[in-house]
Amino acid sequence: MHVEVRGLNKHFGDFHAVKDVNFGITKGHLIGLLGPSGGGKTSILRMLAGLETPDSGEIVFHGKTVNNLPPQEREIGFVFQNYALFKHMTVYENIAFGLKVKKANKHTIQNRVAELVELTGLKGFEKRYPHQLSGGQRQRVAFARALAPEPQLLLLDEPFAAIDAKIRQELRSWLRELIERVGITSIFVTHDQDEAIEVADEIMIINQGRLEQKGTPWDIYKEPKTPFVATFIGESTLIGSAAELKGFHNTGGKPTKALIRPEYIEVGHLNEFKMASATEQGIVKHLHFRGSEWLVEVEVNGHKLVTYRSLEKETLTPGQEIAVLVHRAYLFNDERSWIQENGLKEDPMPVFI
Ligand SMILES: Nc1ncnc2c1ncn2[C@@H]1O[C@H](COP(=O)(O)OP(=O)(O)OP(=O)(O)O)[C@@H](O)[C@H]1O
Ligand SMILES: [Mg+2]
């Protein structure tokens, strides 16, 4: 289903929880809704589902305004973070529930439940009750139950929040495959940026009721539109004045803040760099072994920067002096934001060490 949201607003008393939100979702896409707690993610989903009434704005499914349609007529499936299965019903009865409400005949129900049990890998569990299942299995029942009435839009509100990290990882790729196979338009809320980047076709970053940016994970990463988005995706260090960094003196703007991401920095011995004049002096503070690389914390002019270093290179030690090259920085002031390359890197002067 193609989804279009225009000028959506919601107040709870005096509190403006959702502020002029506009977006469109292509049919069949999986959108990740990402942002800090209290940002308005659940409120947006609840308005789409018809469980909450917007103060203003329009919700359009397939070109038709649905603001006045009750939830059961919106063709939506909803999966919540706390399983919310019917405790006194078996897996079979839970999955069949929506079809019974729709008064489907017994034969149709049997076929559809069998199909979903197969699709969600729950064969053999049909007669169990929710308390006889693991968290991951319960969430799969919740998916099957939401999908049973063949909704046009699937809303997933932190479906894996209560599940431990390892199983959560498995469920993520399972979900991605399932949604691709079913081909259903879906919105997936999560706090976890890795989860959003991994599963979503596009991400929407919601902060304090506003949609800060919408785009593919790669677009958002490489061209963050606001400082909030830049700090929210990836680990980063904020520096009060970009002019403190070599190669960023002449930024063109007013005193500008700089945001440095791990991938923007390289650390090493001075002789590892061609552009030694562009490097800063740093001190290695901590090293964390990450399995495939080192995560290095290094202090430069009183700022703690974080970067990665290949295992192939000579191992560093805490306390060691080291050269640090800041290749680029995300700069911003009150008016604008942009990514700038280190100006000294293009220095045509030959460097002799
Ligand atoms: N029914 C309500 N009555 C009053 N305030 C509400 C109500 N529902 C939500 N809010 C407030 O609106 C804001 C947005 O809430 P919402 O649940 O949409 O955030 P969220 O992004 O889903 O957060 P989380 O990630 O913690 O689930 C919060 O400040 C919340 O306290
Ligand atoms: Mg929420």
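Given the structure is predicted, the values throughout are model-derived calculations rather than measurements. (Residues numbered from 1 in each chain as written. Chains lettered and ligands numbered in written order. Predicted model: local features only at pLDDT ≥ 70, side-chain atom pairs only at ≥ 80, totals over all residues. Heavy atoms only, no water.)

A. Seen up close, helix H4 (residues 135–147). Helix length check: H4, at 13 residues, gives a terminal C-alpha distance of 19 Å against a target of 18 Å (1.5 Å per residue), a fit within 8%. Those residues of H4 not exposed but buried are Gly136, Gln137, Gln139, Arg140, Val141, Ala142, Phe143, Ala144, Arg145, Ala146 and Leu147. Along its buried surface, H4 packs onto strand E6 (76–79), helix H2 (91–101), helix H3 (106–119), strand E7 (153–157) and helix H5 (165–182). (Helix = DSSP H or I, 4+ residues; strand = E, 2+ residues; numbered from the N terminus. Expected span 1.5 Å × (residues − 1). Buried < 20%, exposed > 50% of the residue type's maximum accessible area, 1.4 Å probe, protein only. Contact = heavy atoms within 4.5 Å.)

B. Focus on the domain arrangement of the protein. Here the protein is described as being made up of domain 1 (3–232) and domain 2 (237–341). Here the C-alpha centroids of domain 1 and domain 2 sit 39 Å apart. Across the boundary between the two partners, domain 1 contributes eight residues, which contact seven residues of domain 2. The largest contributions to the domain 1 side of the interface with domain 2 come from Tyr221, Pro227 and Ala230, which together make up 64% of the buried area. Inspection of the region where domain 1 meets domain 2 yields zero salt bridges. (Domains from an automatic or database assignment. Buried area = accessible area lost by both parts, 1.4 Å probe. Salt bridge = Lys/Arg side-chain N within 4 Å of Asp/Glu carboxyl O.)

C. Layout of the nonpolar core. Ile95, Leu156 and Leu175 are the most contacted members of the largest nonpolar core, which has 33 residues in total. Secondary structure elements with two or more residues in this core: H2, H3, H4, E7 and H5. By residue number, the principal contributor to this core is H4, which donates six residues. When residues no more than four places from it in sequence are discounted, the contact partners of Ile95 are Val113, Leu116, Val117, Val141, Ala144, Arg145 and Ala148. (Core = buried A, V, L, I, M, F, W, Y, C linked by side-chain atoms within 4.5 Å.)

D. Region of interest: the packing of aromatic side chains. One pass over the full model with this rule turns up nine aromatic pairs. Centroid distance Phe143 to Phe160: 6.2 Å. Interplanar angle 50°. Geometry classified as tilted. Placement of Phe143 in helix H4 and of Phe160 in the loop between E7 and H5 is noted, with a sequence separation of 17 residues between them. A relative accessible area of 0% places Phe143 in the buried class. Among the aromatic residues, those joined into a ring-pair cluster are Phe143, Phe160, Trp174 and Phe188. When the ring centre of Phe86 is taken as origin, the NZ or CZ atom of Arg145, which lies over that ring, is 4.7 Å away. (Phe/Tyr/Trp six-rings, centres within 6.5 Å; stacked < 30°, edge-to-face > 60°. Lys NZ or Arg CZ within 6 Å of the ring centre and 35° of its normal.)

E. Layout of the sheet that holds strand E2 (residues 15–25). Read from one edge of the open sheet, four strands run E2-E1-E4-E5, paired in antiparallel fashion. What marks the edges here is a single partner per strand, and that holds for E2 and strand E5 (64–65). Where strand E1 (residues 3–12) and strand E4 (residues 56–61) come together, five bridges link them in antiparallel fashion. Directly across from Val5, in E4, lies its bridge partner Ile59. In the packing of helix H1 (residues 41–49) onto the sheet, contacts are made with E1, E2 and E4, and the angle to E1 comes to roughly 115°. (Pairing = 2+ DSSP bridges. Axes fitted to C-alpha atoms, helices over the stretch in contact; angles between N-to-C directions.)

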